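# Structural features, examined
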Amino acid sequence: MSSAVADLERVVKEIAEEMRQRTDRGEPASYIPELANVDTGSFGLVVIDNDGTVAAGGDADMPFSIQSISKVFTLTLALGKAGDRLWKHVGREPSGSAFNSIVQLEYEHGIPRNPFINAGAIAVTDRILSGHQPKEALGEILRFVQFLADDSSIAIDRTVAESERRTGFRNIALANYMKSFGVIENPVDYTLGVYFHHCSIVMNCRQLAMAGRYLAHSGRNPATGHRVVTPERARRINAVMLTCGHYDGSGEFAYRVGLPGKSGVGGGILAIAPGKASIAVWSPGLDAYGNSHLGRIALELLTKRLGWSIFGA
Ligand code: GLU
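The following paragraphs examine the structure supplied in this document.

What counts and how
- Residues numbered from 1 in each chain as written.
- Predicted model: local features only at pLDDT ≥ 70, side-chain atom pairs only at ≥ 80, totals over all residues.
- Heavy atoms only, no water.
- Near = heavy atom within 4 Å.
- Polar contact = N/O pair within 3.5 Å; in protein donor to acceptor, adjacent residues only side chain to side chain.
- Areas by Shrake-Rupley, 256 points an atom, 1.4 Å probe, with all protein chains shown as cover.
- 1 Å grid on protein atoms, 1.4 Å probe; cavity = no way out; pocket = protein on both sides within 12 Å on 5 of 7 lines; lining within 4 Å.
- Sits in = over half its atoms within 2 Å of the grid points.
- Nonpolar A, V, L, I, M, F, W, Y, C, P; charged D, E, K, R; others polar.
- Axes fitted to C-alpha atoms, helices over the stretch in contact; angles between N-to-C directions.
- Helix = DSSP H or I, 4+ residues; strand = E, 2+ residues; numbered from the N terminus.
- Parallel < 35°, antiparallel > 145°, perpendicular 65-115°, else oblique.
- Left-handed = near helix turned anticlockwise from the far one by under 90°.
- Contact = heavy atoms within 4.5 Å.
- Expected span 1.5 Å × (residues − 1).
- Buried < 20%, exposed > 50% of the residue type's maximum accessible area, 1.4 Å probe, protein only.
- Pairing = 2+ DSSP bridges.
- Points joined across faces, edges and corners; volume = space filled by probe spheres on them.

## With respect to the site of the ligand
As a structural note, the neighbourhood of the ligand is formed by Tyr 31, Gln 67, Ser 68, Phe 99, Asn 118, Glu 164, Asn 171, Tyr 195, Cys 199, Tyr 247, Gly 264 and Val 265. Contacts to the ligand include Glu 164, whose side-chain N or O atom sits 2.7 Å from a nitrogen atom. A distance of 2.8 Å separates an oxygen atom of the ligand from a polar side-chain atom of Asn 171. Within the complex, the protein chains bury 100% of what would otherwise be the 290 Å² of accessible surface of the ligand. Judged by the proximity of its atoms to the pocket grid, the ligand belongs to the second largest cavity. Its residues assigned to classes, the shell around the ligand shows six nonpolar, five polar and one charged.

And the structure:
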């Protein structure tokens with residue numbers, strides 16, 4: 001075993017142990033009833049480096065709801081279908097507002113700021129849906145995630161999707177509001193149905209880190225040899241993750257962690273160290289911005305100890 005691999009494995013185990021002992025764990029997402037009861041005691045971390053070494057710590061195999069992390073995969077899919085025309089329907093500037101905010105939409109004529117706030121992700125989902133039935137679009141998204149992770153066992157938790165559909169009043173408002181500007185093309189119920197379901201995809205840290213590898217390696221998954229996107233597109237998706245991946249906590253995440261990343265209210269974060277590694281972390285307790293509290297701290301420790309911040313060691 002090389003010393004770099006030994007270092008990586010040691011650092012991952014150390015961080016998992018440090019996180020297990022912490023008492024400040026954040027609060028689970030209470031606005032989705034199915035997620036409100038998740039135990040905040042869990043913590044998982046997986047790093048897959050460019051040689052394919054998998055360093056795992058804590059609850060690396062425990063499945064969780066990926067929620068907004070799915071927006072990275074739907075953005076990739078929608079760019080593949082629509083190319084740069086997608087940017088007519090959604091911007092790529094940080095929003096500085098909460099993940100489910102509606103205020104900006106009025107000023108900006110129903111065009112969401114970026115593909116990672118809820119309004120933006122709903123608009124992107126609508127693009128994927130156009131020309132298809134909701135079932136087909138959802139099947140396509142799920143198969144794409146399975147392909148990225150090279151794992152056909154990945155599935156959707158329909159109870160979580162249903163729980164969100166019943167209580168997703170904000171998202172319903174956002175979608176209707178965008179529909180009034182003609183930004184949403186399909187029936188709002190259909191678009192939201194697909195959106196709630198792709199947010200409810202369940203993965204563990206191992207699968208998620210694997211699915212993110214194409215972003216760490218210029219658009220190609222080195223494990224399967226599959227080219228997913230061009231190097232330019234991978235670079236640009238990483239740029240949007242860096243600037244917009246943590247809602248109004250994106251500046252803080254860049255400041256502390258220094259990697260492109262996307263969080264979800266299920267407590268997961270996918271982070272990319274370009275050219276080095278794909279990283280998945282999960283701990284269900286959230287901070288005030290809706291990002292995993294311990295997940296962010298763990299990534300900060302990881303990039304510091306390994307000198308992986310894209311802004312320098
Ligand atoms: N499905 C969640 C919602 O639409 C995703 C939010 C998140 O993970 O940040 O509210």
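Moving on, there is more to tell.
## Overview of the packing of helix H8 (residues 169-180) against helix H9 (residues 188-199)
Interhelical geometry of H8 versus H9 gives an angle of 135° and a closest axis separation of 10 Å. One finds that H8 runs oblique with respect to H9. Crossing of H8 against H9: the hand is right-handed. Between H8 and H9, the residues in contact are Asn 171, Ile 172, Ala 175, Asn 176 and Lys 179 and Val 188, Leu 192, Tyr 195 and Phe 196, respectively.

## Thoughts on H9
Given a rise of 1.5 Å per residue, twelve residues ought to cover 16 Å, and the 16 Å separating the end C-alpha atoms of H9 matches this to within 8%. When we look at burial in H9, the residues that qualify are Val 188, Thr 191, Leu 192, Gly 193, Val 194, Tyr 195, Phe 196, His 197, His 198 and Cys 199.

## Section: the sheet that holds strand S2 (residues 54-58)
What the five strands build is an open sheet, ordered S2-S1-S8-S7-S6; its pairing is antiparallel. Each edge of the sheet is formed by a strand with only one pairing partner; in this case those strands are S2 and strand S6 (261-263). In this sheet, adjacent strand axes meet at a mean angle of 10° when their direction is disregarded. The pairing of strand S1 (residues 44-49) with strand S8 (residues 277-282) spans six bridges and is antiparallel. Residue pairing for S8: Gly 44 is matched across the bridge by Trp 282. On top of the sheet, helix H1 (residues 3-21) reaches S1 and S2; it is set at about 15° to S2, its chief contact.

## A short note on empty space enclosed by the protein
The final tally for this structure, using the stated rule, is two cavities of 30 Å³ or more. Estimated volume of the largest cavity: approximately 70 Å³. Lining the largest cavity are Ser 95, Ser 97, Ala 98, Ser 101, Gln 104, Leu 105, Glu 108, Ile 111, Pro 112, Arg 113, Ile 117 and Ala 119. Of the residues contributing to the lining of the largest cavity, the split by class is six nonpolar, four polar and two charged. Considered as a void within the structure, the second largest cavity measures approximately 50 Å³ in volume. In terms of lining, the second largest cavity is formed by Tyr 31, Gln 67, Ser 68, Lys 71, Phe 99, Asn 118, Glu 164, Asn 171, Tyr 195, Cys 199, Tyr 247 and Val 265. For the lining of the second largest cavity, the per-class residue count stands at six nonpolar, four polar and two charged.

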